[in-house]
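# Working through the structure, step by step
What follows is each chain in one-letter form.
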Amino acid sequence: MSDLILVVEDELALQETLAYNLKRQGYEVETAGEGYQALAMSRKLHPDLIILDVMLPGIDGFELCRILRQEMTTPVLMLTARVDEIDRVVGLEVGADDYMTKPFSMRELMARVKAMLRRVRLIRQEFNHPPATEEASSQMLVFDNLAIDMNRREVTLNGQALSVKPKEYDLLSFLAQHRGQVLSRELILERVWGWDYIGDSRTVDVHVRWLREKIEPVPANPHRIVTVRSAGYRFEG
Ligand code: CA
């Protein structure tokens, strides 16, 4: 059965172009051009992925995404016309899984959609078939006052559980498992966000910044997640 994608966009030309291209890739597509209608359709259809424009009549994309986040785990790819909205789009408050800034290439959008759907399938598989080896599932990484429980996907600092988003956890555990190594933004994107994620590296930078605010005593002068100029990041422990 093909994946169902809900396209929420009030610019009719773009909505139609998106629907046309997604259908050509073999997806089932439903469309909405208004926030309340999109919310009702999401609840009724349970799409596999939602492409959501920020600027919408009715409820805007921010508010809609916030509501959806409380009700379902459907991945949301947000379309924004403004670069300065990105922090908010992928932030805790709104919580989109990914974003694209307008104008975007249709080809890149298709690659993102494919990568997001693949991640969902992998997560479902892992959920249904947890790792076979005890060792892999019961690892605990400890760095002084910082502990990462790989089994429970929990991070504690000074014995206190930290509230980290799933992507922040994925990023931190990836960095921590490669302690001392310089990891490029591209590699991090590929390994944490998906193999064929044609993302932009600001996604990595934004998440690193959030992690630093949580695990660094002085976020502006980090000593755990260190920036290696023109190379990437290195986790020091
Ligand atoms: Ca719009």
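Now for a look at the structure at hand. (Residues numbered from 1 in each chain as written. Predicted model: local features only at pLDDT ≥ 70, side-chain atom pairs only at ≥ 80, totals over all residues. Heavy atoms only, no water.)

The next point concerns helix H2 (residues 35-45). In an α-helix there are 3.6 residues to a turn, and that puts residues three or four apart on one side. Among all positions of H2, only Gly 35, Ala 38, Leu 39, Met 41 and Ser 42 are buried. Each buried residue of H2 sits inside an arc of 165 degrees when the element is viewed along its axis, so together they form one side. Exposed side of H2, more than 90 degrees from the buried face: Tyr 36 and Lys 44 are the residues found there. Between the side-chain oxygen of the N-cap and the backbone nitrogen of Tyr 36 there are 3.0 Å, and the N-cap of H2 in question is Glu 34. Where H2 ends, the next residue or the one after it, His 46, has phi of about 45 degrees, a positive value. (Buried < 20%, exposed > 50% of the residue type's maximum accessible area, 1.4 Å probe, protein only. Helix = DSSP H or I, 4+ residues; strand = E, 2+ residues; numbered from the N terminus. Arc of directions from axis to C-beta. Polar contact = N/O pair within 3.5 Å; in protein donor to acceptor, adjacent residues only side chain to side chain.)

What follows deals with the environment of Gln 15. Counting through the fold element by element, Gln 15 comes out in helix H1 (residues 12-24). The sequence separation of Gln 15 and Ala 32 amounts to 17 residues, and the corresponding C-alpha distance is 8.3 Å. Apart from the residues lying within four places of it in its own chain, the contact partners of Gln 15 are Val 7, Glu 9, Thr 31, Ala 32 and Gly 33. (Contact = heavy atoms within 4.5 Å.)

Tallying each qualifying case throughout the model produces 17 salt bridges. In this structure, the salt-bridge partner of Lys 102 is Glu 9, at a minimum N-O distance of 3.0 Å. Of this pair, Lys 102 sits in the loop between strand E5 (98-101) and helix H5 (106-128) while Glu 9 sits in the loop between strand E1 (4-8) and H1, and the two are 93 residues apart along the sequence. Considered together, Lys 102 and Glu 9 belong to a single accessibility category, that of buried residues. The partner of Arg 82 in a salt bridge is Glu 85, and the shortest N-O contact between them spans 3.8 Å. Because the salt bridges share partners, they merge into one network encompassing Glu 9, Glu 11, Asp 53 and Lys 102. (Salt bridge = Lys/Arg side-chain N within 4 Å of Asp/Glu carboxyl O.)

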